[in-house]
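# Topology and contacts: notes
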Amino acid sequence: MFAPELANTASGFDPDAFDAFAKIEAGHFWFVARNRLIVGLVDRFFPRARSFMEIGCGTGFVLRAIAGSRKWDRLVGSELHPAGLEHARKRLPSQVEFVQMDARDLPAEGIFDLTGVFDVVEHIADDELVLKGLRAATKSGGGTIITVPQHPWLWSRADEIVHHQRRYRRGELEAKLRSNGFEVLFSSSFTSLLFPLMMASRLKPRKTSAVEDVYEFRLNPTINGLFRGILEAEVRMALAGVRWPAGGSRVVVGCAV
């Protein structure tokens with residue numbers, strides 16, 4: 001534990017939400033499709049990477065998908081909240097390492113072929129401090145993959161409930177990566193084909209604070225399956241070269257220069 005004073009505090013994220021995420025992620029259309037996109041980008045841009053660290057790994061859902069995608073020499077998951085790491089430890093093989101730490105103070109330098117931060121930096125006020133630490137932890141010639149929520153005008157009660165600091169403007173994350181030592185290799189929106197439905201959901205006034213309602217987790221299996229099929233088609237097109245101009249999220253791949 002590198003930041004025990006922040007462990008399981010409501011700093012950037014509510015640690016009580018991890019139990020709900022652990023139950024829902026594996027079957028929820030958005031999490032499943034996002035995993036396919038992330039793993040596809042890892043395979044496309046970093047086929048020779050053998051060491052990987054995820055910042056803010058939460059329950060380990062993404063890390064498990066990456067772990068199963070190839071043989072790795074070293075896998076590390078970091079998380080501010082031990083409540084998330086308890087779930088991650090159960091999901092991953094024993095050789096995967098876990099550390100509790102503050103993403104703004106990464107205790108690593110030039111160690112990893114690849115780093116990843118998936119819907120985390122929007123929770124942190126000084127996001128460039130995280131990117132600076134990512135560049136330090138990543139080997140030159142290696143890379144990073146980052147996903148974030150997009151479009152400030154889409155800000156809603158949902159963002160407030162989950163402790164977002166911002167939604168990113170198009171080009172904002174790319175500029176911050178460049179200023180912190182990365183070359184941008186890939187950038188695209190995500191959740192584009194379902195964007196009209198997302199807009200309707202996010203901009204509708206809400207009174208609830210339940211995390212299940214915020215993320216539209218309560219979907220019947222038929223709707224969930226339909227949405228999953230649509231998003232997985234979108235992912236296939238993105239990996240084939242389509243760059244989506246608008247969507248609820250943005251994914252950016254950077255090379256450490």
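Right above here is the structure, for reference.
The present account deals with the structure reproduced in this document. (Residues numbered from 1 in each chain as written. Predicted model: local features only at pLDDT ≥ 70, side-chain atom pairs only at ≥ 80, totals over all residues. Heavy atoms only, no water.)

### Let's talk about unusual backbone geometry
Peptide bonds are trans in most cases, and residues, glycine excluded, mostly fall at negative phi. Positive phi, normally seen in glycine, also occurs at His151, with a value near 75°. Note that His151 resides in the loop between strand 5 (138-149) and helix 6 (157-161). Look at His151 and you get buried, because its relative accessible area is 10%. A positive phi is found at His163, a non-glycine position, where the angle reads about 65°. In this fold, His163 is placed in the loop between helix 6 and helix 7 (172-179). The exposure class of His163 is partly exposed, given its relative accessible area of 28%. (Helix = DSSP H or I, 4+ residues; strand = E, 2+ residues; numbered from the N terminus. Buried < 20%, exposed > 50% of the residue type's maximum accessible area, 1.4 Å probe, protein only.)

### Side note on the packing of helix 2 (residues 29-45) against helix 10 (residues 221-239)
Axis separation between helix 2 and helix 10 bottoms out at 8 Å; the angle between their running directions is 15°. Taken together, the axes of helix 2 and helix 10 lie roughly parallel to each other. Remark: the crossing between helix 2 and helix 10 carries right-handed chirality. Each of Phe29, Trp30, Val32, Ala33, Arg36, Leu37, Gly40, Leu41 and Arg44 in helix 2 lies in contact with helix 10, whose residues at this interface are Asn224, Phe227, Arg228, Leu231, Glu232, Val235, Ala238 and Leu239. Broken down by class, the residue content of the contact of helix 2 with helix 10 amounts to eleven nonpolar, two polar and four charged. (Axes fitted to C-alpha atoms, helices over the stretch in contact; angles between N-to-C directions. Parallel < 35°, antiparallel > 145°, perpendicular 65-115°, else oblique. Left-handed = near helix turned anticlockwise from the far one by under 90°. Contact = heavy atoms within 4.5 Å. Nonpolar A, V, L, I, M, F, W, Y, C, P; charged D, E, K, R; others polar.)

### A short note on the nonpolar core
Within the largest apolar cluster, 40 residues are counted, with the highest numbers of intra-cluster contacts made by Phe52, Ile66, Trp72, Leu114 and Ile145. Of all the secondary structure elements, the ones that give two or more residues to this core are helix 1 (18-24), helix 2, helix 3 (61-67), strand 4 (112-118), strand 6 (182-190), helix 10 and strand 7 (249-256). The residues contacting Phe52, other than those within four sequence positions of it, are Leu63, Ile66, Trp72, Arg74, Leu75, Val76, Phe112, Leu114, Thr115, Gly116 and Phe118. Counting residues in each nonpolar core, the second largest holds 24 residues, with Ile55, Val117, Val148 and Leu173 among its members. (Core = buried A, V, L, I, M, F, W, Y, C linked by side-chain atoms within 4.5 Å.)

### Examining the sheet that holds strand 5
The mixed open sheet is built from seven strands, whose spatial order is 3-2-1-4-5-7-6. Looking along the sheet, the strands with just one partner apiece sit at the ends: strand 3 (97-100) and strand 6. Along the sheet, successive strands turn relative to each other by an average axial angle of 15°, direction set aside. Relative to strand 6, helix 2 is tilted by about 150°, and along the sheet it contacts strand 4, strand 5, strand 6 and strand 7. (Pairing = 2+ DSSP bridges.)

### Let's talk about a nonpolar patch on the surface
On the surface, Leu193, Met237 and Val242 cluster together into a nonpolar patch covering about 210 Å² of accessible area. Examined against the element boundaries, Val242 turns out to sit in the loop between helix 10 and strand 7. Classification of Val242 as partly exposed rests on a relative accessible area of 32%. (Patch = residues over 30% accessible without salt bridge, like charges linked within 9 Å, V, L, I, M, F, W, Y side chains within 5 Å. Areas by Shrake-Rupley, 256 points an atom, 1.4 Å probe, with all protein chains shown as cover. Salt bridge = Lys/Arg side-chain N within 4 Å of Asp/Glu carboxyl O.)

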